[in-house]
Amino acid sequence: EVLERMAELNISYYSPCREVSSGDGNNGNNNCGAPSGSEVVWVGDSYSVEAEDEIRSALSGVDIHAMVSKFISNENTTLDNSFGNSIPENDQSELGLTHKNASGLNIAKALKEHNKLRNYLVFALGTNGGETGYFRELINTVGDGTKIVLTTAWTAESDASSMYPAFNKEVKEIADSNSNVVVADWEAVSKGKESEYWGSDLTHPNEAGRKVWIETITSALGQFGGACGGGGNCDFTKYDYDDNTLK
């Protein structure tokens with residue numbers, strides 16, 4: 001069972017670190033995990049809105065900028081009353097944004113302009129449409145000094161198999177070609193778990209799904225060397241859920 005295996009290995013999709021002996025160069029230090037929330041800024045959509053309490057519990061002090069139906073590049077001008085009409089307070093007071101649902105890219109730009117970026121940026125977007133072609137702009141905007149976690153996208157809806165493959169491929173390609181980018185592979189974790197991780201709308205994770213989604217992201221944060229005793233000497237491994245192996 002995936003969750004039991006995850007608990008056993010203390011991982012979600014990526015294992016931040018595996019036990020490394022003193023002979024492997026880190027003096028037995030296995031201090032492997034996500035950074036402090038005070039080092040993390042998080043940009044997200046309705047997943048993040050619904051999971052805000054759990055995110056803050058996992059990453060105390062995290063700065064969250066999230067709104068339902070948030071896109072990577074498009075300003076959402078069609079929000080109705082059920083989604084709220086006000087600008088998120090921290091978007092307005094801290095970043096000077098005037099749109100009630102600024103795009104993820106514009107939030108990243110505002111964070112940079114107002115010196116509000118932190119060491120780590122979780123960019124948990126893509127569910128709304130799987131937009132492609134914008135990650136290079138994101139990386140250029142925040143610069144090399146910020147480490148970025150990108151999430152792959154997936155839902156239990158029937159159109160997921162056509163909506164997200166190109167987006168998820170781009171996420172992984174960007175991470176492969178940029179040392180300051182890692183992937184939180186939500187698709188790999190949640191695909192095939194429709195009855196376990198999804199709510200009745202087949203789009204948003206249920207409580208169990210939110211837990212695994214957050215663990216997947218915090219585990220990805222832990223891949224950066226600074227979370228492994230500060231020396232980057234951890235043995236990073238990838239867990240393949242298809243054949244239950246560490247790679």
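In short, a report on the structure. Note that this is a predicted model, so its numbers are computed, not measured. (Residues numbered from 1 in each chain as written. Predicted model: local features only at pLDDT ≥ 70, side-chain atom pairs only at ≥ 80, totals over all residues. Heavy atoms only, no water.)

1. Some words on the packing of aromatic side chains
- Tallied over the entire structure, the rule returns seven aromatic pairs.
- Seen from their ring centres, Trp42 and Trp213 are 5.8 Å apart, and the 75 degrees between their planes marks the pair as edge-to-face. With Trp42 in strand S2 (residues 40-44) and Trp213 in helix H11 (residues 207-221), the pair connects residues that are 171 residues apart, well separated along the chain. Across the pair, exposure class does not vary: Trp42 and Trp213 are buried alike. (Phe/Tyr/Trp six-rings, centres within 6.5 Å; stacked < 30°, edge-to-face > 60°. Helix = DSSP H or I, 4+ residues; strand = E, 2+ residues; numbered from the N terminus. Buried < 20%, exposed > 50% of the residue type's maximum accessible area, 1.4 Å probe, protein only.)

2. Regarding unusual backbone geometry
- Unusually for a residue other than glycine, Asn115 sits at a positive phi of about 55 degrees.
- Looking at the element boundaries, Asn115 is found in the loop between helix H5 (104-113) and strand S4 (120-124).
- Non-glycine residue Leu202 carries a positive phi angle of around 65 degrees.
- Leu202 gets classed as partly exposed once you look at its relative accessible area, which sits at 38%.

3. A look at helix H6 (residues 135-142)
- Turning to H6, its buried residues number three or more, namely Phe135, Leu138, Ile139, Thr141 and Val142. When H6 is viewed along its axis, its buried side chains cluster within an angular range of 160 degrees and face the same direction.
- Contact partners of the buried residues in H6: H5, S4, strand S5 (147-151), helix H8 (165-177) and strand S6 (181-184).
- Two residues or fewer after H6 comes Gly143, characterised by a positive phi angle close to 85 degrees. (Arc of directions from axis to C-beta. Contact = heavy atoms within 4.5 Å.)

4. Quick word on the environment of Ala124
- Looking at the element boundaries, Ala124 is found in strand S4.
- Separated by 79 residues in the primary sequence, Ala124 and Asp45 have C-alpha atoms spaced 7.2 Å apart.
- If near-sequence neighbours (up to four positions away) are discounted, Ala124 is found in contact with Trp42, Val43, Gly44, Asp45, Ser48, Thr151, Trp213 and Ile217.

5. Some remarks on a negative patch on the surface
- Taken together, the side chains of Glu50, Glu157, Asp159 and Asp201 present a region of like negative charge at the surface.
- Take Glu157: it is sitting in the loop between S5 and helix H7 (160-163).
- Residue class for Glu157 comes out partly exposed when judged on its relative accessible area of 33%. (Patch = residues over 30% accessible without salt bridge, like charges linked within 9 Å, V, L, I, M, F, W, Y side chains within 5 Å. Areas by Shrake-Rupley, 256 points an atom, 1.4 Å probe, with all protein chains shown as cover. Salt bridge = Lys/Arg side-chain N within 4 Å of Asp/Glu carboxyl O. Lys, Arg positive; Asp, Glu negative; His and termini not counted. Charge placed at Lys NZ, Arg CZ, Asp CG, Glu CD.)

6. Brief notes about H5
- Along H5, the positions that sit buried rather than exposed are Gly104, Leu105, Ile107, Ala108, Ala110 and Leu111.
- Just past H5, the residue Asn115 takes up positive phi, approximately 55 degrees.

7. Side note on the pairing of S4
- Counting buried residues along S4, five of its five residues qualify, which places the element largely inside the surrounding structure.
- Covered by surrounding structure in S4 are Tyr120, Val122 and Ala124 together with Leu121 and Phe123, the residues of both alternating faces.
- For S2 and S4, the ladder comprises five bridges, and the chain directions are parallel. Bridge pairing links Gly44 to Ala124 in S4.
- As defined by bridge partners, S4 adjoins S5 across four bridges and the pair is classed as parallel. When the sheet's bridge partners are listed, Phe123 is paired in S5 with Leu150.
- The handedness of the S4 to S5 crossover, carried by H6, is right-handed. (Pairing = 2+ DSSP bridges. Right-handed = clockwise from strand over helix to strand, strands pointing away.)

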